[in-house]
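Chain by chain, the residues:
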Amino acid sequence: MSYISSRLSVVKPSASMVASQAARALRAKGIDVIDLGLGEPDFPTPPHIIEAAFAAARAGETLYTAAAGTLAVREAVAAKFRRENGLDYSADDIVVANGAKQIIFNALMATLEPGDEVIVPAPYFVSYPEMVKLLGGSPVVVECPEADGFRLTAERLEAAITPRTKWLFLNTPGNPSGATYAEEALKALGAVLARHPQVLVLSDEIYEHIIFDGRTFVSFGQACPGLRERSLIVNGVAKSYAMTGWRVGYAAGPAPLLKAMSTIQSQSVTSVCSIAQAATVAALNGPQDGVARFRDAFERRRNLVVDGIAGIDGLTLAAPEGAFYAYIGCAGLIGRRTPDGTALEDDAAVSNYLLHRGRVSSVPGVAYGLSPYFRISTATADDILTEAVARIGSAVEELE
Ligand SMILES: Cc1ncc(COP(=O)(O)O)c(C=O)c1O
């Protein structure tokens, strides 16, 4: 008999991690694969942030901290919300955790009863439904087609809400589609939520700064202040400051929720690494020019990929509005045959074909709840991206 908890029977490993492992396995055999599976900035963390970490360690900031985070980091987060999002939170309204992912996990653990429903608009960040299932809830996946800009509409939201709905998850700019929500779109969702007081909102704004074509980012908290007592605004330093490995995420929200999340944190991980918290203070309070530089690079790469994909017959890609992914439509490849005569039946087959024939790893749309697409990360050097798009084009040309 297996000793693994039945809780795990419903949970899949992260699809992007699986794609990356497949790429690594081929590389280990000497095959030159370009890995566009995982999404993380390819830039180093800015030097002043690294220096702040050294300084904190030397100054003896090497002890456990308060579960919710040091006062300095919570004040820096509160100042960030005020400065960048027009949100008035104090340090007491903030928690930090080991990444935005742990914030989300703690929020669900703090609130879900068995069978509670969580509305997850698709395409979604792969971890959302898996975390919900792991914690005994039921993800209610709402497909948001490309014709709607991959955005949840007020009508689809209204239709998905039941008396068991506990949370709505929003993600702007979104992984994998890059879709962003303008203020009016958020207000329209807020108007629906106002009629359903049992529903909490988790707005994952981790890609806030990676937004293109001069768009202005609007936080859900800013668009819907009337829902403040049931909104959790989630963000972190991973994507904006090239700090994925430092593992710091944060959130602002209502006191009872934050208190429960802190209790979970104190009994599980105690606190976030004290040195990473000091680095986060430097990231949030220090010079912000790196953020704009990263954004400009991601926009240039987005353009490069959009132009490249436009030249490949059978693939479609509308310009992503933010984040660093391209969610490429591959309906035109379904049913076509590979050189060995196999028909491509779905986007998993397309992604697998591109890995083995094109030597480019991607993640199939089935992992994000909306097919037929595949996602590539554009957080890669321009020349490697150019080569990857060329390889995808050559592999596609070989299809009959
Ligand atoms: C939408 C979204 N939220 C959260 C995360 C994870 O953030 P963190 O590294 O802070 O845990 C990711 C990372 O891929 C993401 O795409």
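Predicted model only: the values in this text are computed from it and were never measured. (Residues numbered from 1 in each chain as written. Predicted model: local features only at pLDDT ≥ 70, side-chain atom pairs only at ≥ 80, totals over all residues. Heavy atoms only, no water.)

(A) Representation of a nonpolar patch on the surface within the structure. On the surface, Tyr3, Ile4 and Leu8 cluster together into a nonpolar patch covering about 390 Å² of accessible area. Among the secondary structure elements, Ile4 is positioned in the segment before helix H1 (15-28). (Patch = residues over 30% accessible without salt bridge, like charges linked within 9 Å, V, L, I, M, F, W, Y side chains within 5 Å. Areas by Shrake-Rupley, 256 points an atom, 1.4 Å probe, with all protein chains shown as cover. Salt bridge = Lys/Arg side-chain N within 4 Å of Asp/Glu carboxyl O. Helix = DSSP H or I, 4+ residues; strand = E, 2+ residues; numbered from the N terminus.)

(B) Focus on the sheet that holds strand S7 (residues 231-236). Taken in spatial order, the 7 strands of this open sheet run S2-S8-S7-S6-S5-S3-S4, and their pairing is mixed. The sheet is open, and its two edges are formed by strand S2 (94-97) and strand S4 (138-143), each paired on a single side. Between one strand axis and the next, the sheet turns through 25 degrees on average, direction left out of account. With 4 bridges joining them, S2 and strand S8 (residues 249-252) adopt antiparallel strand pairing. Residue pairing in the sheet places Val96 in a bridge with Tyr250 of S8. Where helix H9 (residues 255-268) meets the sheet, its contacts fall on S2, strand S5 (165-171) and S7, and the angle it forms with S2 comes to roughly 30 degrees. (Pairing = 2+ DSSP bridges. Axes fitted to C-alpha atoms, helices over the stretch in contact; angles between N-to-C directions. Contact = heavy atoms within 4.5 Å.)

(C) Main features of the sheet that holds strand S12 (residues 373-377). Judged by pairing direction, the sheet is antiparallel, and its 3 strands sit side by side in the order S9-S12-S11 without closing on themselves. Unpaired on one side and paired on the other, strand S9 (325-329) and strand S11 (363-364) mark the two borders of the sheet. In the sheet, S9 pairs with S12 via 5 bridges, with the strands oriented antiparallel. Within S12, the residue paired with Tyr327 across the bridge is Arg375.

(D) View of the packing of helix H2 (residues 47-58) against helix H10 (residues 274-285). The geometry of H2 relative to H10 is characterised by a closest axis approach of 8 Å and an angle of 140 degrees between their N-to-C directions. Taken as axis vectors, H2 and H10 run oblique relative to one another. The handedness of the crossing between H2 and H10 is right-handed. Together, His48, Ile49, Ala52, Ala53, Ala56 and Ala57 of H2 and Ile275, Ala278, Ala279, Ala282 and Ala283 of H10 make up the contact between the two elements. In terms of residue class, the contact of H2 with H10 is made up of 10 nonpolar, 1 polar and no charged. (Parallel < 35°, antiparallel > 145°, perpendicular 65-115°, else oblique. Left-handed = near helix turned anticlockwise from the far one by under 90°. Nonpolar A, V, L, I, M, F, W, Y, C, P; charged D, E, K, R; others polar.)

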